[in-house]
Amino acid sequence: MPKLPLISSKKAIRSLERLGFYQARQTGSHVILKKTLPDGEIVCVVPMHDELKIGTLSGVIKQAKVTQDEFIANL
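Overview of the structure. All of these numbers come straight from a predicted model, not from anything done at the bench.

1. Points about the sheet that holds strand 1 (residues 22–27)
- On the basis of which strands lie adjacent, the open sheet formed by three strands has the order 1-2-3 and antiparallel pairing. Every interior strand has two partners, whereas the edge strands, strand 1 and strand 3 (40–47), have only one. Averaged over all pairs of adjacent strands, the angle between their axes in this sheet comes to 25 degrees, without regard to strand direction.
- Summarising the sheet, strand 2 (residues 30–37) and strand 3 pair through eight bridges and their orientation is antiparallel. Considered in strand 3, the bridge of Ile32 is made with Val45.
- Contacts between helix 1 (residues 9–18) and the sheet are confined to strand 1, strand 2 and strand 3, with strand 3 contributing the most and set at about 165 degrees to the helix.

The structure is reproduced here in structure tokens:
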């Protein structure tokens, strides 16, 4: 498993959009992304920060139900 890079929330959102997510809305400093699947919908919340902490980024990736390799490949 690769080490997660320190990236901004904008880069994380762009990576998720490349994986099929779209921005549903923004509430305060949190962007809500959604991806529609045949069996339901995945919702992912990304806080708007200049640099996401590793634990926060890991949580975002888990919410998105993608692997770290897939996420990093789409940066």
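2. Remarks on the pattern of salt bridges
- Under the defined criterion, the tally for this structure stands at one salt bridge.
- For Glu41, the salt bridge identified is with Lys34, shortest N-O distance 3.8 Å.

Conventions adopted
Residues numbered from 1 in each chain as written. Predicted model: local features only at pLDDT ≥ 70, side-chain atom pairs only at ≥ 80, totals over all residues. Heavy atoms only, no water. Pairing = 2+ DSSP bridges. Helix = DSSP H or I, 4+ residues; strand = E, 2+ residues; numbered from the N terminus. Axes fitted to C-alpha atoms, helices over the stretch in contact; angles between N-to-C directions. Contact = heavy atoms within 4.5 Å. Salt bridge = Lys/Arg side-chain N within 4 Å of Asp/Glu carboxyl O.

In short, shape yes, function no, at least from these values alone.
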